[in-house]
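Survey of secondary and tertiary structure
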Amino acid sequence: MDAKARRALGMIQDCLAAGRYRVLAHFVERMDDRGLFWADIQAVIDSAQKVGADGTDRAGRAKWRIRGRTTGRLAVEVVCVIDQDRHGHLTVFITAYWD
């Protein structure tokens, strides 16, 4: 993981800890489809084995793919973007899938 990816992961982890995130409806649907719970997503972020930049989304926000393990040790990849509002950084969760 390079320095840029480590900074992005740190920012995403900080957003989670501070409750500064938004979960899109599509993300919730994918979690439901895959039998995942929010604790699984947090575990993936906490156990990140690979973090990679994935360009930008339609709004021009930096998009990141984070690969890690769920609470049940299953490999999952989470896609999110780092946004900013008047209070600071905000992570937006887009989708999750089995790795």
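Thresholds applied
Residues numbered from 1 in each chain as written. Predicted model: local features only at pLDDT ≥ 70, side-chain atom pairs only at ≥ 80, totals over all residues. Heavy atoms only, no water. Core = buried A, V, L, I, M, F, W, Y, C linked by side-chain atoms within 4.5 Å. Buried < 20%, exposed > 50% of the residue type's maximum accessible area, 1.4 Å probe, protein only. Helix = DSSP H or I, 4+ residues; strand = E, 2+ residues; numbered from the N terminus. Contact = heavy atoms within 4.5 Å. Arc of directions from axis to C-beta.

Some thoughts on the nonpolar core
- The biggest cluster of nonpolar side chains holds 21 residues, and the ones touching the most others in it are I41, I66, V78 and F93.
- Taken together, the elements giving at least two residues each to this core come down to α1 (3-18), α2 (25-34), α3 (38-46), β3 (62-69), β4 (75-85) and β5 (88-98).
- Of all the elements, α1 adds the most residues to this core, at five residues.
- Ignoring anything within four residues of it in the chain, the contact list for I66 reads L9, I12, V44, I45, A48, K50, V51, V76, E77, V78 and C80.

Notes on α2
- Looking at α2, one finds that the buried residues are F27, R30 and M31. Projection of α2 onto a plane perpendicular to its axis shows the buried side chains occupying an angular sector of 100 degrees, all on one side. Facing away from the buried surface of α2 by more than 90 degrees, the exposed residues are A25, D32 and D33.
- Along its buried surface, α2 packs onto β1 (21-23), α3, β4 and β5.
- Once α2 finishes, G35 follows within two positions and takes phi at roughly 70 degrees, a positive value.

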